[in-house]
Structure formats: C-alpha cells, structure tokens
Amino acid sequence: SSTGLARGSCSARFTDEDSIDIPIPRYFIKEKLKVLKERERILAQLLLEAGLGHDEPRKSAKVMVLEEAVRLIQIAERARQGRLRATFMKQIYLEEKRERQARLQGGRGPDVDACAVYIQKIWRRHAQLKKTLKLREEEMIFLGMIPPAYFQRPSAALIRAQKVDNLRCEIQEKHESDYQKALVSIKERVKEIEGPDIKESLQDQIRQWFIECRQLTGKFPDYPDEEQGGSTAIFSEKTPEEVAAELAAKEAEEQKKKGKGKGKKEKKEKGKKKKKGKEKDAEKKPKKKDEDEEEGWKMAPSNFLPVMEEGNNKYKDVWQHRDEGWNFSQEYDPELIKEEKRKEVEEEIRVQVDELMRQELKNLKLAVDRETEKKARKGKKGKKKGRRKGKRDGRKKKSKKDKDLTPDRTLDSLFKELVEEGILIRAKKVKLSDYVGKV
C-alpha cells in the first residue's frame, strides 16, 4: 500500500508535486461549511480578545545607534554613485569603440551584402524554429501525449455539467432549509395532536404497573429516579413478575450478608486449597500458552466494523424496501420525521408524567399507611432503619461516580481558556503542492 507507493515513486524518480495528487472530495468541506465558518469566527474573536489576533508575531523594531545609521547611509550612497559611474564609463567605452571601427574602415559605410546575409540568417532561424515546434506538437498529439488544441476550449458538455452542478447545489440548500423548518413544525404538530394521548396512555400504563406490583408483592413499588431513567426503566424490558423476582433477589442478598460473618473461616480454608490447586495447574499450563504464542500474529478487531454494521442495519431497516417513486425531487419525508419526533415528544412528556406519577405514588402510599397505621405501629422502627440504610447506600453510590471537575463552567468559557493558554491555535491552510521535494 503506502510502502509500495513509496517504492514505486522512488524507482520512477517522481516528485511529490508532479506524481502524488490526493483529491479531497469537495462535499467534505461543503457539508460542514457553516460549522467551519462559525468555528473560525469564534476562534478569531477569542484570539482578538486575548491579544493574540495576529498569526505571525510582530518583529520588534531594533534600536540603532546614530553612528551605525550614518555608516549605513554612507554605504548606500557610495553604492549609488558607483553604479552611476559604471554606466557612464560604459557609454564612454562604447563611443570609443565606434570611433575605432570607423577609422579602420576608412570612412566607408557598412557592407550591404553582409547586412542582408545576417538578416536572412536570423529570419530563417526564427521561421525554422516555429516550423519545428509545430511539427513537434503535431507528433505529440498523434502519439496521444498531449491533448489537441480544441480540447483547451471549454466544451458544451462541460459547461452544461457545471450549470447542472450549480443548480443541484441550490436545490440541496433549499431542501436543507425546508427540512430544518419541517423538523420544528412537525414536532409542534405531533405535540399538539398526539401529546395528550401519549400522556394519558403513559399514566394508564404506570398506574396499571402500580396495581400489578401491589397484587404480587403486597406493597407499592419504589419509583425509579431520573438518573435511573424514570419510567423508561419500568417499561424497558421488565414485567411485574420480573420486578417481583428482583425484589426477592434483593431480600436474598440481604440474608446472605447477615450470614457472611459465620462462614468467613470456612471460606478462608477453601481459598487456601483453591490457591494450591491453581499453582499446580499453572505449572502445567505454560506449555500450552507457548504453543498458542508460536502460532503467529493475530489481527485485532477493526474499530470501523461496528460503524459499518450499524449503517448497514439502518439501511436495511429504513431504506432497502422503501418505495421512493413518489419522491422524485428527493424532498424530506414527513413520515420519517414524525417517527423521529414522536420519540422526542414521548421523552419530553415522559419527564412530566414521571413528576406527576411520583407525587401520585407518594399520595397512594400515604393513604395506605393511614389505613394500616394502627396495625403497623410495631413495624415502623424496622422501616426507618431500612430507609436509613437505603439513603446511606445511595450516598455511597453517588460518591463512587466520577465528579465533574468543571460543573459551573460553560463550554464557551472552557474554549476561551484553551485559546488564552495557547492550546487552541489557528491552523494554517497548507496544500500538498506547497511541499516540494523528492520521495
């Protein structure tokens, strides 16, 4: 690949400027033109505010002593006078040469025949040179080494292709602006028309989940926090039976923790026996590992394969069997936008519904507690201890999470600080043709 290209260019003795041409697709810059311009504008503004607006540092003026300045002026003046004197002496020399030639000829004028022969020689050389260049050009065209003269002129097909390209760009920009407007308008329409139904259905599903959990476990469940996903954690992959199984598993874990203290000694003895067995196995296994290593180098999994598989699956799900016959002009598809925006609207409504249902669940628990207050007085102390343990566990879990080192900073302020510290700088525009040399 790259080594083969380098060897080929070295053997052919090509230069980078002549042989290596890496065309960059224009749509790379065209599709991100607005983002690049905005980024350049922000960077220029931050550099200007930080006093680093100039790409190249200004050269400080050198302080010159008076004597040195006088000496430089004298050198420049003497050089100017020397040049004038040289031209004057050259003119005198040419005049003396003409006078000397006139004396040798004895006052006779130039020979007319000699002059004619000299003019003919110059003209014939010029005419033959033009003829030779024309023959050489015809030969190169015949061999296919250079294009004919009419290829230099822009053809009608090329002009037509450029017009089509410009028209395509205009249509793409128009479609993009229409698509951006449609994203907003369709989302608002979905929120107005389908929002109330989505809200009502979510509330019904969550209430039904409350009832089923109470029937299975005998108490109302704990509502998931926002960090856990809220109601999405309820309906992701769990049924009421699975929720009951999870609660039973938690109770079993608590019982195991209580019995851990009793079985510590037995575990230590078992651990010693396992270690001895592992050491014996480790003595036998090195030979197998060496055999596996001798098999040779194994390629690591590609980082690009998951992205390609994701794109392929998206194409199969959305576009493979989609009928686009009605959309000849390739405008936006309202149904696709509705599907995307319906998910966004559902997430926004879900947050509001979660707040309402948390309050409703709290009220239900209070109502049940009031009814069973007389019967459950003895069990209140145990519940309080459980709640305290839950709070402590929650605090421990939160403390284990990575802390944000810049919680009160905005992205713009961080960007500005990077510019002021000289970490972010403006990159110079350099083309491959600027690098000249041999490979």
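Everything that follows concerns the structure shown earlier in this document.
Residues numbered from 1 in each chain as written. Predicted model: local features only at pLDDT ≥ 70, side-chain atom pairs only at ≥ 80, totals over all residues. Heavy atoms only, no water.

What follows is about the nonpolar core. Among the nonpolar cores identified, the biggest contains 19 residues, and Ile-206, Phe-210, Tyr-223, Ile-349, Val-353 and Met-357 are the most heavily contacted of them. Breaking this core down by element, the ones donating at least two residues are helix H7 (156-217) and helix H13 (334-371). With 10 residues, H7 is the largest single contributor of residues to this core. Once residues lying within four places of it in the same chain are set aside, the contact partners of Met-357 are Gln-203, Ile-206, Arg-207, Phe-210 and Tyr-223. (Core = buried A, V, L, I, M, F, W, Y, C linked by side-chain atoms within 4.5 Å. Buried < 20%, exposed > 50% of the residue type's maximum accessible area, 1.4 Å probe, protein only. Helix = DSSP H or I, 4+ residues; strand = E, 2+ residues; numbered from the N terminus. Contact = heavy atoms within 4.5 Å.)

Packed helices, taken two at a time, are described by the angle their axes make and the gap between the axes. Between helix H4 (residues 33-49) and helix H15 (residues 411-420), the least distance of the axes is 9 Å, while the angle of their chain directions is 60 degrees. Classed by the angle they form, the pair H4 and H15 counts as oblique. As H4 packs across H15, the resulting crossing turns out to be right-handed. Contacts from Ile-42, Leu-43, Leu-46, Leu-47 and Glu-49 of H4 reach H15 at Phe-415, Lys-416 and Val-419. Partitioning the contact of H4 with H15 into residue classes produces 6 nonpolar, no polar and 2 charged. (Axes fitted to C-alpha atoms, helices over the stretch in contact; angles between N-to-C directions. Parallel < 35°, antiparallel > 145°, perpendicular 65-115°, else oblique. Left-handed = near helix turned anticlockwise from the far one by under 90°. Nonpolar A, V, L, I, M, F, W, Y, C, P; charged D, E, K, R; others polar.)

Here we come to the layout of surface pockets. In this model, the second largest pocket occupies a volume close to 1200 Å³. If you list the elements that add at least two residues to the lining of the second largest pocket, you get helix H3 (26-31), H4, H7, helix H12 (305-319) and H13. Ranked by residue count, the leading element in the lining of the second largest pocket is H7, at 8 residues. Partitioning the lining of the second largest pocket into residue classes produces 10 nonpolar, 5 polar and 16 charged. (1 Å grid on protein atoms, 1.4 Å probe; cavity = no way out; pocket = protein on both sides within 12 Å on 5 of 7 lines; lining within 4 Å. Points joined across faces, edges and corners; volume = space filled by probe spheres on them.)

Turning next to the packing of aromatic side chains. In this structure the tally under the stated criterion is 1 aromatic pair. Between the aromatic rings of Trp-209 and Phe-210, the centroid separation amounts to 5.8 Å while the plane-to-plane angle is 50 degrees, which identifies the pairing as tilted. Look at Trp-209 and you get buried, because its relative accessible area is 7%. Looking at Phe-210, the relative accessible area reads 2%, which means it is buried. Between the NZ or CZ atom of Arg-322 and the centre of the ring of Trp-319, over which it lies, the distance is 5.9 Å. (Phe/Tyr/Trp six-rings, centres within 6.5 Å; stacked < 30°, edge-to-face > 60°. Lys NZ or Arg CZ within 6 Å of the ring centre and 35° of its normal.)

Attention shifts here to the environment of Val-345. With respect to the element layout, Val-345 can be found in helix H13. Val-345 sits in the buried class, given a relative accessible area of 0%. Note: C-alpha distance between Val-345 and Glu-194 (151 residues apart in sequence) is 9.0 Å. Those residues in contact with Val-345 that sit more than four places away from it in its chain are Lys-187, Val-190 and Lys-191.

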